[in-house]
Amino acid sequence: MSIADALSALSAVKGLGKIPHGAQVLASVPNLKCLMTLAIKLETAPDASNEALKCVANTLLLSEPARTRLLSQEIDGGNICADLLQKSATPENTFLLSRILFLCTASSHQSFSFIESIIETKRTHFPGNGTILDVIALKLDDLIASMQAGIKMSRDAMTDLLKLTFNLLVHYPKLAPSELQSPGIVCSPVDQKVMGDFWNSRLDGILPPLVRAFQTIPLSSPNPLTSPLTHIIHSLITIPVDASSRATWFGTHPHLYSTTPQPGSPESTTSSSFGSSHDNQSAPKEPKASHIERAISSVISAGRRSFCCSPRSESPSAADCASRAYELLDMTLAHFLPGDIDPDDSAVRDLCKIDGDTSLDEILCPLVLLITRFCLGDDDAKTRIRQWLVPENLDRTHPLEKRADLLGRCLRLLASVYHSRLKDAMGEMLYAMCDSNASSLAGYFGYGNVAGFLYHKGVVSAPPVSTTSGAPPTTASGLPINPITGTVEHPLETVDMTDEEKEHEAEKLFVLFDRLEKTGALPPSQNPYRKAFQEGKMG
């Protein structure tokens, strides 16, 4: 059979495999083995080989039992796909192999032995005699360059490669002996282990390429939080933020690279699709890569392939993930909550539907969680993020919750009804940013803005003002800050009145209270004028 005939035949089989009954036929062990054999033998004809892989991917999507069968020793499809992924030369081929491996590892119960094998087994033909994680790191760097060059299917390929990465990062710490990430966590059975509570050092090498992708991937507009960036964030929130990984997360000297505009300045307010007059500044956009930049990116990508295999503590990055995450949060909220709009406004929900029938909860919660983990895991990152949000020179002459910038949007979300998950996540982020201290939180943002969140934390009244909380008692110019509103506390203005004016105002009040008493709206015992007469205070 010629290559052209094989391609035509496989295209016909692919069409049958798109329907459930056809997929059930292809899900048998002999048929899956035949398709995998064809994918290998037709490697020299990429189109035909890809057609065979498409048949397998469609079958796995429609038939869960096929996923277990593909990983069986009789077919060994998982290891075959891992080897093919290492040799993959095009985004389409990478996409198909990543999709198959992603579906095969979706359930840890069905694939636990395979997941352990590909992470723990080093292969001589893999980069640096490494594991599947080294292959993923290599492909992530390649796909970054492909996306910057606008190559077809590169975005889809990275999305499914990141889905596979997420499966491995979530499942492996539950299957293998892993370290608790917090002293307060109680060791629990595999089924009850929570994502992010456990970590295994075998996974350390995946952080540097994920950070590079997080920093350099081209952003979409006007909403930057779309795939594959969202899938990068999903993977990052499973990885510990600690002293050993600090240089990778934030760079050797992160404060030198922090260029995020402070909310106190006009540059922090970004434009949006609503065309609000409040948001008249444009957010910084990712520049389009020139041909020279693409070439440089490819060279850097190739040079980093050996670098990505080293431990977290030995992989410093000049980029600051805290600054990048903060900027993404600012840009995204400016798009969905332009100006000083109420987060519960129907226009906000309509805009979310335009972006794919989703909600702010689904779009923003992972990013907010990532920033929260930065604040909890690194004191320097926490301090810098807090200074960006509430700088010392913050204008506190107007209500903080009505500001048309990131600070105002965060505070308005704390009172949201429709976005309950984001509301809670935003509260936890601000709480972590303030050293997980109720007095500090109320001091920076005003108790009135955070009262609802603190109530759910068990703080039912305004926490006492503490000199050790770190919250500023006065503005940079020395004006006192109202602990309830978080704004400048203005002294009460005295109104100068003549004796005749005072007597006239007193008569008006007397008549008002007298009417209230006669209508029954005010009991006689509560009439202040009657009480004053009875007590002899008025002559």
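A. Spatial organisation of the overall build of the protein chain. Along the protein chain, the regular secondary structure elements total 25 helices and two strands. Within the protein chain, residue pairs in contact and separated by at least 24 positions form 69% of the contacts whose partners lie at least 6 positions apart. Of the roughly 25,900 Å² that the protein chain leaves accessible, carbon and sulfur atoms contribute 55%.

B. Structural detail: the packing of helix α22 (residues 438-445) against helix α23 (residues 447-456). Packing of α22 against α23 brings their axes to within 8 Å, and their N-to-C directions diverge by 145°. Facing Ala438, Leu441, Ala442 and Phe445 of α22, the residues of α23 in contact are Tyr447, Asn449, Val450, Phe453 and Leu454. Class assignment for the residues of the contact of α22 with α23 results in eight nonpolar, one polar and no charged.

C. Expanded view of the packing of aromatic side chains. Taken as a whole and judged by the stated rule, the model has five aromatic pairs. Taking the centre distance of 5.3 Å and the plane angle of 55° together, the rings of Tyr326 and Trp388 count as tilted. Here Trp388 lies in helix α19 (residues 379-389) and Tyr326 lies in helix α16 (residues 321-336), a separation of 62 residues in the sequence. Put simply, the rings of Trp249, Phe250 and Phe374 pair up and form one aromatic cluster. Seen from the ring of Tyr418, Arg349 lies directly overhead, with NZ or CZ sitting 3.7 Å from the centre.

D. Structural detail: the packing of helix α4 (residues 46-62) against helix α7 (residues 91-104). Packing of α4 against α7 brings their axes to within 9 Å, and their N-to-C directions diverge by 25°. With respect to each other, α4 and α7 are oriented roughly parallel. Seen from above, α4 lies across α7 with left-handed handedness. Side by side, α4 and α7 meet where Asn50, Leu53, Lys54, Val56, Ala57, Leu60 and Leu61 of the first sit next to Glu92, Asn93, Leu96, Leu97, Arg99, Ile100, Leu103 and Cys104 of the second. Residues belonging to the contact of α4 with α7 are distributed by class as follows: ten nonpolar, two polar and three charged.

E. Inspection of the environment of Asp378 at higher detail. By secondary structure assignment, the location of Asp378 is in the loop between α18 (360-377) and α19. Along the backbone, Asp378 and Val241 are 137 residues apart, and their C-alpha atoms lie at a distance of 7.0 Å. The contacts of Asp378, once residues within four sequence positions are left out, are Val241, Arg246 and Phe250. Here Arg246 takes part through its side chain, which lies 2.7 Å from a polar atom of the side chain of Asp378.

F. Representation of the nonpolar core. Among the nonpolar cores identified, the biggest contains 132 residues, and Ile132, Phe214, Trp249, Phe374 and Phe445 are the most heavily contacted of them. Counting residues per element, this core draws most heavily on α18, which supplies ten residues. Setting aside chain neighbours within four positions, we find Phe214 in contact with Leu229, Ile232, Ile233, Leu236, Cys321, Arg324, Ala325, Leu328 and Leu370.

G. Focus on helix α24 (residues 499-518). Taking 1.5 Å as the rise per residue, α24 with 20 residues should run 28 Å; its terminal C-alpha atoms sit 29 Å apart, in good agreement. Just past α24, the residue Gly520 takes up positive phi, approximately 85°.

H. The arrangement of unusual backbone geometry in detail. Across the junction of Ser221 and Pro222, the peptide omega takes the value 5°, indicating a cis bond. Residue position: Pro222 is located in the loop between α11 (207-216) and α12 (229-236). Looking along the chain, the bond that leaves Ser227 and enters Pro228 is cis, with omega of 5°. The backbone of Asp76 sits at a positive phi, close to 55°, despite the residue not being glycine. Of note, the phi angle at Ser436 is positive, near 55°, even though the residue is not glycine. With respect to the helices and strands, Ser436 occurs in the loop between α21 (420-433) and α22.

I. Highlighting helix α3 (residues 29-41). With 13 residues, α3 should cover 18 Å at 1.5 Å per step; its first-to-last C-alpha distance of 18 Å lies within 8% of that length. Within α3, burial applies to Leu32, Leu35, Met36 and Ala39. In an axial view of α3, the angular spread of the buried residues amounts to 95°, which keeps them on one side of the axis. Away from the buried face of α3 by more than 90 degrees, exposed residues Pro30 and Lys41 are located.

Rules behind the numbers
- Residues numbered from 1 in each chain as written.
- Predicted model: local features only at pLDDT ≥ 70, side-chain atom pairs only at ≥ 80, totals over all residues.
- Heavy atoms only, no water.
- Helix = DSSP H or I, 4+ residues; strand = E, 2+ residues; numbered from the N terminus.
- Contact = heavy atoms within 4.5 Å.
- Areas by Shrake-Rupley, 256 points an atom, 1.4 Å probe, with all protein chains shown as cover.
- Axes fitted to C-alpha atoms, helices over the stretch in contact; angles between N-to-C directions.
- Nonpolar A, V, L, I, M, F, W, Y, C, P; charged D, E, K, R; others polar.
- Phe/Tyr/Trp six-rings, centres within 6.5 Å; stacked < 30°, edge-to-face > 60°.
- Lys NZ or Arg CZ within 6 Å of the ring centre and 35° of its normal.
- Parallel < 35°, antiparallel > 145°, perpendicular 65-115°, else oblique.
- Left-handed = near helix turned anticlockwise from the far one by under 90°.
- Polar contact = N/O pair within 3.5 Å; in protein donor to acceptor, adjacent residues only side chain to side chain.
- Core = buried A, V, L, I, M, F, W, Y, C linked by side-chain atoms within 4.5 Å.
- Buried < 20%, exposed > 50% of the residue type's maximum accessible area, 1.4 Å probe, protein only.
- Expected span 1.5 Å × (residues − 1).
- Arc of directions from axis to C-beta.

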